[in-house]
Amino acid sequence: DAGITQSPRHKVTETGTPVTLRCHQTENHRYMYWYRQDPGHGLRLIHYSYGVKDTDKGEVSDGYSVSRSKTEDFLLTLESATSSQTSVYFCAISSNQGADGYTFGSGTRLTVV
Amino acid sequence: SQKIEQNSEALNIQEGKTATLTCNYTNYSPAYLQWYRQDPGRGPVFLLLIRENEKEKRKERLKVTFDTTLKQSLFHITASQPADSATYLCAPSPPANQAGTALIFGKGTTLSVSS
């Protein structure tokens, strides 16, 4: 999607390994979010950021950490991947806490074997 | 805690009919509510936002209503087309005591429009 890119698009990793997903934006938006999407659960918030170095936990943050050292990049790290973290991960951005809608990336499909 | 329910997982209608999707929320009063469209393998796309002081909002063939008494939003697609087939997600704004956090999304309703 225009202004926001996620990498990689697909990844297969082994249980126990660390994994980092990247979200990059060119919109200079203050707010960035990481969600995971699973069948039967919908989109669930993992972590979000309200500015550089300012982050907070979401509903399903256990096993995940994030970092935001500059406005354009928001990294999601699975510290030690487990099979339960197999999912599709979406990053989103917004300019004013979402009051004008979120813009989502195309997602990263992660498989932990 | 807040709870969001979308009426059904799947809705099948014929081309030309009006599709009506329901979003119910409990335990709080959102300041606004958003609707998104998601196609397979893609991220959700923002469609419409309706505020608590607005009863209805329209955009082309889309119409959204917001009933704060019933704690419900209805999303209508008139003159539906096969290209409208997708999953539609509702997302009320966070509770006031969690302002500045993030949207919580319903699980979505998958609409299939047959020709």
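Please read these numbers as outputs of a predicted model, since none were measured by experiment.

Draft legend 1. Structural detail: the state of the cysteines. Tallying each qualifying case throughout the model produces two disulfides over all chains. Linked covalently through their sulfurs, A:C23 and A:C91 form a disulfide whose S-S length is 1.9 Å. Looking down the S-S bond of the A:C23 and A:C91 bridge, the torsion is -75°, so its handedness is left-handed. Here A:C23, found in strand β3 (residues 19-25), pairs with A:C91, found in strand β9 (residues 87-94); they are 68 residues apart in sequence, far enough to count as distant. The buried category is assigned to A:C23, whose relative accessible area is 0%. Paired by a disulfide, B:C23 and B:C90 hold their sulfur atoms 2.0 Å apart. On the sign convention where negative means left-handed, the S-S torsion of about 65° between B:C23 and B:C90 marks this disulfide as right-handed. With B:C23 in strand β3 (residues 19-26) and B:C90 in strand β9 (residues 86-92), this pair connects stretches of sequence that are 67 residues apart.

Draft legend 2. Structural context of the interface of chain B and chain A. In this complex, chain B contributes 18 residues to the contact, which on the side of chain A involves 21 residues. Seen at the junction of chain B and chain A, the total is five residue pairs in polar contact (both at pLDDT 80 or more). The set of elements that each furnish at least two residues to the side of chain B that touches chain A consists of β4 (32-38) and β5 (45-51) of chain B. The element best represented in the side of chain B that touches chain A is β4(B), accounting for four residues. Residue composition of the side of chain B that touches chain A, grouped by class: nine nonpolar, six polar and three charged.

Draft legend 3. Region of the structure containing the pairing of strand β11 (residues 108-112) of chain A. Residue and element names in this part refer to chain A. The alternating pattern of β11 places T108, L110 and V112 on a buried face, while none of R109 and T111, on the opposite face, is buried. Bridge count for strand β2 (residues 10-13) against β11 is four bridges, and the pairing is parallel. Of the residues in β11, the one forming a bridge with K11 is L110. In this structure, β9 lies alongside β11, joined through three bridges in antiparallel fashion. For S87, the partnering residue across the bridge sits in β11 and is L110.

Scoring rules and cut-offs
- Residues numbered from 1 in each chain as written.
- Chains lettered and ligands numbered in written order.
- Predicted model: local features only at pLDDT ≥ 70, side-chain atom pairs only at ≥ 80, totals over all residues.
- Heavy atoms only, no water.
- Disulfide = S-S within 2.5 Å.
- Helix = DSSP H or I, 4+ residues; strand = E, 2+ residues; numbered from the N terminus.
- Buried < 20%, exposed > 50% of the residue type's maximum accessible area, 1.4 Å probe, protein only.
- Contact = heavy atoms within 4.5 Å.
- Polar contact = N/O pair within 3.5 Å; in protein donor to acceptor, adjacent residues only side chain to side chain.
- Nonpolar A, V, L, I, M, F, W, Y, C, P; charged D, E, K, R; others polar.
- Pairing = 2+ DSSP bridges.

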